[in-house]
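Letter by letter, the chains look like this.
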Amino acid sequence: MNHLGGRAASVLTGLATAIVIVALTILPFLSPQWVAFDQGRAQAEAWTGYTTDQLRTATDAIVADLVLGGDYTVQVNGQPVLNERERAHMADVRSVFRGLWVLAVISVVVLAAASRRADRRTTWRAVRGGAIGLSIGVVIAGVVGFFAFDQLFEAFHEVFFPPGSYLFDPATDRLVQLFPFAFWDETAMVVGVAILVVCAVAAVVAGRRAARYSAVASGPDLAAVPEPGS
């Protein structure tokens, strides 16, 4: 029974590690700096017909409403940027992000509890396993996305959004003009690489901590071993 409990705790620790890595890695890509940079590469100005200042006004307001909460009613030249369907979709997107943030907070609590386990070696091994597992998942998703990004993008939206609510016409709908396909293609690739880098660092650090505890596992009291760096 104790063995099963320990296994369950390790699985939860690994899963929590993966969720925290994803949440922390995504945050920089919600910044105005990244969005402006990649919109430039995706030629959002040409798609929208906006000037640079108008593009920034619209985009910064939409991203702020996504992160901080808002109604997506930003206007350019007295005209709403997004129509009703687009605003409804962005509200759905915010709900997905809120779900991720809730999971991230719960995961931090799980990791904090795991750090208090007597068997620190097992805890660090679970953290390492979570980082490695996430990296494998990202590599698989990357390979699939390389050959079938459209299908992967569609599948993601089918899972997280109501049917048809995410379908827009680039010729008329501002949302997909502001964030063209090339924007999502490149952003997804860079986010994936960033997650792999964070996973590699986490796996190395956790592996070293686990090895240190393994070296003293034959001692009389593993729990009494001080936390490395303390």
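Residues numbered from 1 in each chain as written. Predicted model: local features only at pLDDT ≥ 70, side-chain atom pairs only at ≥ 80, totals over all residues. Heavy atoms only, no water.

Draft legend 1. Examining the overall build of the chain more closely. Of regular secondary structure, the chain possesses eight helices and two strands. Put simply, the chain runs from its N terminus to its C terminus through helices and strands in the order α-α-α-α-β-β-α-α-α-α. Each principal axis of the C-alpha distribution contributes one length, and for the chain these read about 75 × 35 × 35 Å. Buried positions account for 37% of the 230 residues belonging to the chain. In the chain, of all internal contacts separated by at least 6 residues, the share reaching a separation of at least 24 is 71%. Summing over all exposed atoms, the chain offers an accessible surface of approximately 13100 Å²; the carbon and sulfur share of this is 66%. Averaging the locations of the 17 positively and 19 negatively charged side chains of the chain gives two centres separated by 18 Å. (Helix = DSSP H or I, 4+ residues; strand = E, 2+ residues; numbered from the N terminus. Buried < 20%, exposed > 50% of the residue type's maximum accessible area, 1.4 Å probe, protein only. Contact = heavy atoms within 4.5 Å. Areas by Shrake-Rupley, 256 points an atom, 1.4 Å probe, with all protein chains shown as cover. Lys, Arg positive; Asp, Glu negative; His and termini not counted. Charge placed at Lys NZ, Arg CZ, Asp CG, Glu CD.)

Draft legend 2. How the structure looks around a negative patch on the surface. On the surface, Asp 150, Glu 154, Glu 158 and Asp 185 cluster together into a negatively charged patch. If you tally residues by element for the negative patch, the top one is helix 6 (residues 120–160), at three residues. Structurally, Asp 185 is set in helix 8 (residues 181–215). For Asp 185, a relative accessible area of 34% gives the class partly exposed. (Patch = residues over 30% accessible without salt bridge, like charges linked within 9 Å, V, L, I, M, F, W, Y side chains within 5 Å. Salt bridge = Lys/Arg side-chain N within 4 Å of Asp/Glu carboxyl O.)

Draft legend 3. Region of the structure containing the side chain of Ser 165. In this fold, Ser 165 is placed in the loop between helix 6 and helix 7 (174–178). Given the relative accessible area of 17%, Ser 165 is considered buried. Here Pro 162 takes part through its backbone oxygen, which lies 2.7 Å from a polar atom of the side chain of Ser 165. Each residue touching Ser 165, except ones within four places of it in the same chain, is listed here: Arg 85, His 89 and Asp 92. (Polar contact = N/O pair within 3.5 Å; in protein donor to acceptor, adjacent residues only side chain to side chain.)

Draft legend 4. Representation of the environment of Val 22 within the structure. Relative to the assigned elements, Val 22 resides in helix 1 (residues 2–26). Discounting residues that sit within four places of it in the chain, Val 22 has contacts with Leu 134 and Ile 195.

Draft legend 5. Main features of the packing of helix 2 (residues 32–41) against helix 8. Axis separation between helix 2 and helix 8 bottoms out at 9 Å; the angle between their running directions is 125 degrees. Considering their axes alone, helix 2 and helix 8 lie oblique with respect to each other. Judged by the twist between their axes, the crossing of helix 2 over helix 8 is right-handed. Here Trp 34, Val 35, Phe 37, Asp 38, Gln 39 and Arg 41 of helix 2 lie close against helix 8, whose contacting residues are Ala 182, Phe 183, Glu 186, Thr 187 and Val 190. Taken together, the residues of the contact of helix 2 with helix 8 break down into six nonpolar, two polar and three charged. (Axes fitted to C-alpha atoms, helices over the stretch in contact; angles between N-to-C directions. Parallel < 35°, antiparallel > 145°, perpendicular 65-115°, else oblique. Left-handed = near helix turned anticlockwise from the far one by under 90°. Nonpolar A, V, L, I, M, F, W, Y, C, P; charged D, E, K, R; others polar.)

Draft legend 6. Looking closely at the packing of helix 2 against helix 4 (residues 52–68). Interaxial distance between helix 2 and helix 4 falls to 11 Å at its minimum, and their mutual angle equals 135 degrees. The angle between the axes of helix 2 and helix 4 places the two elements in the oblique class. Regarding helix 2 and helix 4, the two cross each other, and that crossing is right-handed. Mapping the contact onto sequence places Pro 32, Val 35, Ala 36 and Gln 39 in helix 2 and Leu 55, Arg 56, Thr 59, Asp 60 and Val 63 in helix 4. In the contact of helix 2 with helix 4, the residues fall into five nonpolar, two polar and two charged.

Draft legend 7. Just the pattern of salt bridges, in detail. Taken as a whole and judged by the stated rule, the model has two salt bridges. The residue Arg 41 makes a salt bridge to Glu 186 at a minimum N-O spacing of 2.6 Å. Linking Arg 41 in helix 2 with Glu 186 in helix 8, this pair joins segments that are 145 residues apart in sequence. Among the residues examined, Arg 41 registers a relative accessible area of 53% and is labelled exposed. Residue Arg 56 pairs with Asp 60 through a salt bridge whose shortest N-O separation is 3.7 Å. Remark: Asp 60 and Arg 56 occur in helix 4; sequence separation between them is four residues, near one turn of the helix. Looking at Asp 60, the relative accessible area reads 32%, which means it is partly exposed.

As far as function goes, none of this settles anything; it's purely spatial.
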